[in-house]
Structures are given as structure tokens and as C-alpha cells.
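Observations on chain architecture
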Amino acid sequence: MKSKIRVSLNLIGITIICVLSFFLWQYYNKYQALSLSLLNPDEEKNRTVFNDEWLEPNQFIVKNTHVYISLSTFEKYIDSDITLSGTGQRIYLKIDNIGHQFDKPLLTQYVDANIKEINVPLLYEAKIAYIDMSIVEKLYPVAHTYFQETNNLIVYEDQKGRFGEIKANTDKYQMANSDLFKQNASESTEPVWIVGEHKNYYHILDGLGYSAYVKKSAVSKVQVESVSAENFITPEVSSLKKPFSMTFEVIDQYSDNFKKQATPFEPGIDVISPTWFNLNIDGIIINSADLAYTEFVKDQDVELWGLFKNNFSPKWTKTLLNSDAYQKKAVAQMLMYAAIYELDGINLDFENIYLEDQDALSRFVKELAQVTGEYNQVISMDVTRPKGSDTWSKVYDRRTLSQFVDYMILMAYDEHWGSSPISGSVASMGWTEDSITMSLEEIPSEKLVLGIPLYMRVWQETPLQNGQYKKVGSRAITLSGFDKMMAERNLELIYDEPSGQYYTEYFESGDRYRIWVEDEHVLNKRLGLSERYSLPGIATWRRGFERNSTFSVISTWQSLIK
């Protein structure tokens with residue numbers, strides 16, 4: 001009897017357990033389904049992880065393959081001791097807070113002794129300021145990993161970034177309502193980044209940046225990432241081929257300077273010189289450079305010479321040149337920018353300077369050339385033709401300057417400048433050759449580079465009562481712009497013997513418009529002058545002014561005279 005009761009009770013117990021299990025199983029399934037339904041697949045996309053802290057979404061953007069983090073994130077997590085410029089276009093970083101170690105100790109000492117800060121331009125998107133992570137990594141012990149598929153970003157400091165490896169068939173879990181639910185498994189062995197912990201689980205980002213949880217025991221080869229600010233290694237000496245072709249790229253420091261990389265360089269460009277560095281008060285150099293542009297240039301095997309100009313300000317230039325401290329300050333800044341932006345050289349465009357500062361200018365160029373020369377920078381300087389005005393021509397002691405620089409770029413254009421009282425060629429052939437021969441009296445031929453215009457001027461003249469015309473205005477026009485004008489107006493070209501160029505004119509509302517044409521004909525003549533006088537190369541002003549055939553003409557010329 002007792003045995004029958006015991007059996008009955010056991011059956012009842014088993015039944016109760018089965019029923020409870022059934023309901024619990026149904027409840028769990030419903031709970032799991034409900035919880036999993038609450039999972040937002042985008043919740044951990046478009047996110048930034050700093051070390052193992054998940055930041056609010058949208059703390060960075062990606063442009064030109066570079067990651068830019070918001071200035072607020074940079075300031076909160078990386079360096080709070082910064083100063084925003086008055087225009088808000090750049091930030092000033094203190095030298096004491098950033099890495100600036102050169103492989104030549106004397107260069108590091110020079111920087112430490114002469115500057116307190118440098119400035120870095122900001123990229124703005126929807127009125128939010130961002131800084132290039134590639135610049136940050138050069139200057140701070142910080143690194144980043146970006147996952148394109150999920151648009152997730154990991155930023156980590158030295159010894160704070162952790163990574164490891166999981167094997168195939170490792171279970172991956174997702175979190176909902178503070179509980180973990182199995183979602184899938186790894187298909188093969190894969191590297192993972194550890195971005196947090198939860199009980200006996202690691203919070204990871206897999207190779208594509210997807211967020212998951214895995215058991216700690218499933219992660220092997222756990223390591224921490226060593227990160228340090230970059231040491232600046234002196235680049236190789238330039239091995240520029242001869243004759244080389246240089247051109248300038250205009251960057252406006254007051255507009256978006258992160259756009260100049262849409263068009264690949266044509267054959268016929270060996271050196272590009274972007275107008276990145278601009279003198280300001282008290283020896284401060286305003287930096288408008290872009291490391292993504294550097295990579296764009298280097299990928300095409302073109303040398304990069306950053307242009308440093310004095311903003312045509314004789315007052316600021318006098319302040320710089322007559323202060324030993326300000327001179328060294330400017331040189332130290334240019335040394336840092338050469339290292340950060342991986343320059344091959346520096347082009348000096350100092351114009352409109354008081355004649356009384358001639359010797360001081362030579363001393364400054366000597367200091368710059370000697371210091372940056374230790375970092376294997378090619379130094380070139382733009383000069384006008386001799387025997388002109390005090391501030392635009394006589395200010396250059398060409399004999400002395402040519403001892404310090406590698407090249408002197410003869411700006412053989414603006415024979416007739418924009419406000420010239422009479423109309424005429426931008427650079428007639430006779431005037432151009434005279435400019436070369438005059439310059440060679442003071443500059444060695446192996447250092448003189450011929451500057452060539454890629455523009456011309458449309459001169460407006462109004463008729464006088466005596467049948468003559470008076471110049472009343474002018475405007476510059478590019479080679480490509482002239483082609484469009486030719487087609488629209490059906491202009492006829494005639495050869496002008498005095499200038500050695502083709503010429504055209506047209507009439508509108510009674511006024512005469514005259515153009516001395518820059519084309520392949522005159523370009524080949526200018527290239528021929530460079531060859532005749534055994535010059536090492538040419539420099540065109542400027543990229544963006546050319547027509548489709550311009551640089552191919554130069555490339556063909558280079559190949560024929562090698």
C-alpha cells in the first residue's frame with residue numbers, strides 16, 4: 001500500500017515538475033523573445049569607445065579616409081590644456097603637453113628653447129569642430145581603430161587598449177534587460193577588442209566592429225596595446241629628378257582647407273607647394289595644413305614643399321626679422337610643421353619688405369635653412385627679377401641668399417601687373433629672358449628655377465577723342481578660362497612679334513579688350529629658355545589655372561631633354 005502511495009506521489013511530483021517546467025519554459029521563451037525584441041541593432045553603432053568607456057553617439061566623423069574626433073571629446077579625454085584661436089578655426093597646443101622628440105637631440109632642444117605652442121587647424125561640420133586623429137596620434141600617446149561597417153571607433157591610451165582572440169564556434173551574447181542571451185557564434189578564429197567587462201564576460205568588438213559579449217575563458221592571447229607619441233625621424237635626402245616641375249596650390253587660411261585633394265596630379269608635376277603657413281604677429285605662424293593632403297601627395301610620388309609666406313605685410317615682417325627670439329620662434333614652428341606634415345621642403349614666399357630689412361631677411365633665411373636643413377628639408381625662396389622697386393625687388397640680397405637656399409624661384413611674371421598704367425603681356429618673351437640673365441648675374445644657374453604664369457590678363461581700354469585708348473581696368477583669367485572665352489566670342493589670334501606671343505582683342509560697349517595669350521606655343525618657349533640656360537627646373541603659378549594639355553606639354557619636355 002505504501003509503495004503504491006509513494007509511486008502515486010512520485011508521479012504527481014513528476015507531473016507537477018513537468019507542468020511547471022513547461023510553463024517556465026514557455027515563460028522563458030516569451031521573456032527571451034521579448035528581451036531580444038527590445039535589442040536595438042543600432043544601439044552600439046556610430047559610437048566611440050575611449051579605453052573602455054562608451055561615449056555618446058556621433059563624437060567623430062570620417063572624411064578623406066581620416067577620422068576626426070570632436071573637439072569636445074579631445075578636450076575632455078586627451079588634452080584640456082588648449083586654447084581656441086580668436087576665429088575658432090584652430091587650437092593652440094602647448095609644447096610641454098605634446099610629443100616632439102626628434103632623432104637628432106639638437107632639434108628637440110631647439111624646439112624646447114624657442115616655442116611654447118603650435119597651432120593645428122580644425123575641421124567644421126554642421127558647426128561642430130573636429131580634429132584629425134592622425135595628428136593626435138603624432139603628438140599624444142593615443143591611438144585609434146576605426147570599423148567602417150559599424151562606424152564604431154575605439155580610442156585608447158597607452159596600456160589601456162586591450163585585444164585578444166577567440167576561436168571558431170565561440171558563443172556570442174547580446175545584453176537585454178541586464179541579462180545575456182546567446183545570439184550567434186564566431187565562424188572562425190578572429191581578433192577582438194575588449195571594451196568592457198560584465199561578470200564573467202568580456203564586452204568585445206569583433207573584427208568588423210560589432211558589439212558582443214563572450215565568456216572570459218573564451219578569449220586567449222589577451223594583450224594591452226603600447227602607445228606613444230611619434231618620434232620624428234629625419235627623412236631621406238631629396239632625390240628630385242632634373243629638370244623638375246613644381247607648381248603651387250593655393251589654400252585660403254580663412255576658408256575650409258580640407259578640400260584640396262579631389263583631382264589627382266597629372267604627369268608633369270614633381271613638386272607641389274601648398275600655401276599652408278602664414279606669418280602673423282610676433283613671429284606666430286598660422287597653420288592651415290592637412291595631413292590627409294600629405295598622404296594624397298605622397299601616394300602619387302610627388303614631393304611636398306610647404307609654402308611659408310609673410311602675408312605681404314612689411315610691418316609683421318619687420319617685427320619678425322628684427323627680433324632674434326621671434327626669428328627662432330618662427331623657425332622652430334616650421335621645424336615642427338615639417339615633421340608633423342611630413343614635408344620634403346619649405347618654400348619661402350616673402351614679398352613686400354622694407355629695404356632696410358634686407359640684411360635681417362638674409363639672417364633669417366640662414367637660420368631657417370641651417371635648422372630645417374638638419375631635418376633634410378629642401379629650402380626654396382621666391383624672388384622677383386632684379387633692379388625693380390625697393391620693397392619688391394631690391395630687398396633681396398640674391399648673392400647672399402643663394403648661399404643658404406637650395407633653389408631660388410624666379411617669379412618671371414607680372415611684367416604688366418593688375419594695376420599697371422598700360423596694357424601688356426604678363427610676361428613677354430624678351431622680358432622673361434632678360435629676367436633670367438639679370439638673375440644669373442647674382443644666382444648660380446644650378447639654383448635658379450624659372451617661374452611660369454598659367455594666367456593672363458584681360459585689359460579694358462576706353463577710347464579717347466584723339467583715337468587712342470586709355471587703360472581703365474584689368475582682370476586675371478586662367479588658361480582654361482581663356483579657352484571658354486575663345487569659344488564663346490569666336491576670337492581670332494594673331495602673332496605679336498614684340499611680345500613673342502599670340503594676341504587677340506574684342507570690343508564691347510565701345511571699349512577695347514586686349515589679351516596677350518598664354519598657350520602651348522609660349523609655354524614651349526619658356527621651357528626652352530629654362531633648357532638654354534641650364535636651369536634645374538620650372539615652377540608654374542598655379543595649379544587650377546592650367547588647361548588640360550598644360551602639364552602634358554611639360555612632361556613631354558622633361559622626357560625629351562633627359
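Up top you'll find the structure we're talking about.
These numbers were taken from a predicted model, which means no experiment stands behind them.

With that settled, consider empty space enclosed by the protein. What the rule picks out here adds up to two cavities of 30 Å³ or more. Estimates place the volume of the largest cavity at around 60 Å³. As for the largest cavity, its lining consists of Ile-452, Pro-453, Leu-454, Leu-479, Glu-518, Asp-519, Glu-520, Val-522, Leu-523, Arg-547 and Thr-550. Only strand 27 (448-453) and helix 13 (520-532) provide two or more residues apiece to the lining of the largest cavity. Among the elements that take part in the lining of the largest cavity, helix 13 stands out by supplying three residues, more than any other. Its residues assigned to classes, the lining of the largest cavity shows six nonpolar, one polar and four charged. Space inside the second largest cavity adds up to approximately 30 Å³. When grouped by side-chain class, the residues that make up the lining of the second largest cavity number seven nonpolar, no polar and two charged.

How two aromatic rings sit relative to each other is given by the distance of their centres and the angle of their planes. The final tally for this structure, using the stated rule, is 28 aromatic pairs. Pairing Phe-277 with Tyr-337 gives two aromatic rings, centres 5.3 Å apart and planes at 10°, and the pair type is stacked. Here Phe-277 is found in strand 21 (residues 277-279), whereas its partner Tyr-337 is found in helix 7 (residues 324-340), with 60 residues between them in sequence. A residue is classified by how much of its surface remains accessible, and Tyr-337, at 0% relative accessible area, is buried.

Tallied over the entire structure, the rule returns 28 salt bridges. With a closest N to O distance of 3.5 Å, Lys-94 and Asp-81 form a salt bridge. Here Lys-94 is found in strand 6 (residues 90-94), whereas its partner Asp-81 is found in the loop between helix 2 (71-77) and strand 5 (82-84), with 13 residues between them in sequence. A residue is classified by how much of its surface remains accessible, and Lys-94, at 29% relative accessible area, is partly exposed. Counted as one network, the salt bridges with shared partners bring together Lys-138, Glu-230 and Glu-342.

So, how was this worked out
- Residues numbered from 1 in each chain as written.
- Predicted model: local features only at pLDDT ≥ 70, side-chain atom pairs only at ≥ 80, totals over all residues.
- Heavy atoms only, no water.
- 1 Å grid on protein atoms, 1.4 Å probe; cavity = no way out; pocket = protein on both sides within 12 Å on 5 of 7 lines; lining within 4 Å.
- Points joined across faces, edges and corners; volume = space filled by probe spheres on them.
- Helix = DSSP H or I, 4+ residues; strand = E, 2+ residues; numbered from the N terminus.
- Nonpolar A, V, L, I, M, F, W, Y, C, P; charged D, E, K, R; others polar.
- Phe/Tyr/Trp six-rings, centres within 6.5 Å; stacked < 30°, edge-to-face > 60°.
- Buried < 20%, exposed > 50% of the residue type's maximum accessible area, 1.4 Å probe, protein only.
- Salt bridge = Lys/Arg side-chain N within 4 Å of Asp/Glu carboxyl O.

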